[in-house]
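# Chain and residue survey
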Amino acid sequence: MHRLSDASALNTALERIDYRTTPEYYIDTEQVTDPVVAYLLSYCPTVFGLKKAIADLLAGRLDIELPEASGVIEPGAVVRGEVTVAAGALVAEGAYITGPVLVCPGTVIDAGARVRDHTIIGPSCRIGWGAEITRSLLVGGVFMKHTSFVGDSVLGLGVNIGAFASTTGLKVTCGPVTEPASEEVCAHLDGRRVAAGQTKFGAVIGDGVIVPAGTVLQPATLIGAHTLLHPKTQIGGFFPAGSQGR
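Here goes a summary of the coordinates provided.

Each value, and the rule that gives it
Residues numbered from 1 in each chain as written. Predicted model: local features only at pLDDT ≥ 70, side-chain atom pairs only at ≥ 80, totals over all residues. Heavy atoms only, no water. 1 Å grid on protein atoms, 1.4 Å probe; cavity = no way out; pocket = protein on both sides within 12 Å on 5 of 7 lines; lining within 4 Å. Points joined across faces, edges and corners; volume = space filled by probe spheres on them. Helix = DSSP H or I, 4+ residues; strand = E, 2+ residues; numbered from the N terminus. Nonpolar A, V, L, I, M, F, W, Y, C, P; charged D, E, K, R; others polar. Buried < 20%, exposed > 50% of the residue type's maximum accessible area, 1.4 Å probe, protein only. Arc of directions from axis to C-beta. Contact = heavy atoms within 4.5 Å. Polar contact = N/O pair within 3.5 Å; in protein donor to acceptor, adjacent residues only side chain to side chain. Core = buried A, V, L, I, M, F, W, Y, C linked by side-chain atoms within 4.5 Å. Axes fitted to C-alpha atoms, helices over the stretch in contact; angles between N-to-C directions. Parallel < 35°, antiparallel > 145°, perpendicular 65-115°, else oblique. Left-handed = near helix turned anticlockwise from the far one by under 90°. Pairing = 2+ DSSP bridges. Phe/Tyr/Trp six-rings, centres within 6.5 Å; stacked < 30°, edge-to-face > 60°. Lys NZ or Arg CZ within 6 Å of the ring centre and 35° of its normal.

### So, empty space enclosed by the protein
A full pass over the atoms with the stated rule returns 1 cavity of 30 Å³ or more. Taken as a whole, the largest cavity holds about 30 Å³ of empty space. Lining the largest cavity, in full, are Phe 149, Val 150, Ile 161, Ala 165, Ser 166, Thr 167, Ile 205, Val 211, Thr 215 and Leu 217. Residue assignment for the lining of the largest cavity shows that the elements contributing at least two residues are strand E14 (148–151) and strand E17 (166–167). Broken down by class, the residue content of the lining of the largest cavity amounts to 7 nonpolar, 3 polar and no charged.

Here it is in structure tokens:
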């Protein structure tokens, strides 16, 4: 429990948060029915905290339990590490999952899909052949049915990722590329830089957004809910909810 002075400092910090960096700006949290996903979204003041929260949750460091692992893993699926497949979820023959990963009810990870460490796939998602996901949260109803990549990102309700679309999470202003990364990624709002607090951060894609086929999202791209994206090779920056952009 916070002491009074701690609570005052916390409230002051929250007042400084730009609403456009909160989960609620991108996701209609009242429509999120999965308790684990809803907990994560309410736990984090900004979207930039979700990656660490996912890691803490999957490691058992948060005050919520994972669902029972009673979903279906077909023979021929490759599952390594701590992987929880909830009731009603399916990992099909030929799918690859490397934990820690949570697959929520109603989701299908199809043959040829790859899901990697520190990822939560929310309910009723469809992950198809050639799709790869790592260190990300898919809130629910996400379609990635074709070859594509999502890393270090947050995808809202009903997001559709087109074929050969990709997020990028690594800032590279001068070569060579180093691993682990050393440059902090920043988002851009109203011409100012907003630090993500991490060296890899892909995109936040709000509810109902369709990412056109062949599109590459630059690091720390923020796309508000129900934004219409026109086809373009690269997209970056901030797109307000309900806007149109390319």
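### What about helix H3 (residues 35–43)?
Where H3 is concerned, the buried positions are Val 36, Val 37, Leu 40 and Leu 41. Around the axis of H3, the buried residues are gathered within 135° of arc, so they sit on the same side. The exposed set on the far side of H3, more than 90 degrees from its buried face, consists of Pro 35 and Ser 42. Tucked into the core, H3 has its buried residues touching helix H2 (23–26), helix H4 (50–58), strand E6 (101–103), strand E9 (119–121) and strand E12 (137–140). With a side-chain oxygen positioned 3.1 Å from the backbone nitrogen of Val 36, the residue opening H3 is Asp 34.

### Quick notes on the nonpolar core
Formed by 34 residues in total, the largest nonpolar core has its most connected members in Ile 109, Ile 127, Leu 138, Met 144, Ile 161 and Ile 205. Those elements that provide at least two residues to this core are strand E3 (83–85), E6, strand E11 (131–134) and strand E20 (203–205). Other than its neighbours up to four places away in sequence, Ile 205 contacts Val 154, Leu 155, Gly 156, Val 159, Ile 161, Val 211, Leu 217 and Ile 223. Leu 50, Cys 104, Val 185 and Leu 189 belong to the second-largest nonpolar core, a separate cluster that totals 33 residues.

### A look at the packing of H3 against H4
Interaxial distance between H3 and H4 falls to 10 Å at its minimum, and their mutual angle equals 135°. Judged by the angle between their axes, H3 and H4 are oblique. Crossing angle aside, the handedness with which H3 passes H4 is right-handed. Here Val 36, Tyr 39, Leu 40, Leu 41 and Tyr 43 of H3 lie close against H4, whose contacting residues are Leu 50, Ala 53, Ile 54 and Leu 57. A per-class count over the contact of H3 with H4 returns 9 nonpolar, no polar and no charged.

### Some details on the pairing of strand E15 (residues 154–157)
Direction of pairing for E12 relative to E15: parallel, over a ladder of 3 bridges. Bridge pairing in E15 places Leu 137 opposite Val 154. Across 2 bridges, the pairing between E15 and E20 is parallel. Looking at the pairing, Leu 155 lines up with Ile 205 of E20.

### A closer look at the sheet that holds E20
With parallel pairing, the 8 strands of this open sheet are ordered in space as E3-E6-E9-E12-E15-E20-E23-E26. Sheet topology places E3 and strand E26 (238–239) at the edges, where each strand pairs with a single neighbour. The strands touched by H3 within the sheet are E6, E9 and E12, with E12 carrying the most contacts at an inclination of about 120°. Packing of H4 onto the sheet brings it into contact with E6, E9, E12 and E15, and relative to E9 it is tilted by some 90°.

### Some thoughts on the packing of aromatic side chains
Counted by the stated rule, this structure contains 5 aromatic pairs. On the basis of an interplanar angle of 90° and a centroid distance of 5.8 Å, the ring pair of Tyr 19 and Tyr 25 is categorised as edge-to-face. Taken together, a centroid distance of 6.0 Å and an interplanar angle of 40° make the contact between Tyr 25 and Phe 238 tilted. On the criterion of sequence distance, the pair formed by Tyr 25 in helix H2 and Phe 238 in strand E26 is long-range, its members being 213 residues apart. Phe 238 shares its class with Tyr 25; the two are buried. One aromatic cluster is present, formed by Tyr 19, Tyr 25, Tyr 26 and Phe 238 through successive ring pairs. One cation-aromatic arrangement involves Arg 20 over Phe 238; the distance from NZ or CZ to the ring centre is 5.4 Å. Stacked on the ring of Tyr 96, the Lys or Arg Arg 114 has its end atom at 4.7 Å from the ring centre.

### Remarks on the environment of Val 37
Tracing the backbone through its elements, the reader meets Val 37 in helix H3. On the basis of relative accessible area, Val 37 is assigned to the buried category, the value being 0%. Taking the C-alpha atoms as reference points, Val 37 and Cys 104, 67 residues apart in sequence, are found 9.1 Å from one another. The residues touching Val 37, leaving out its near neighbours within four places in the chain, are Val 32, Cys 104, Ile 120, Gly 122, Leu 137 and Val 139.

Geometric descriptors of this kind do not, in isolation, establish any biological role.
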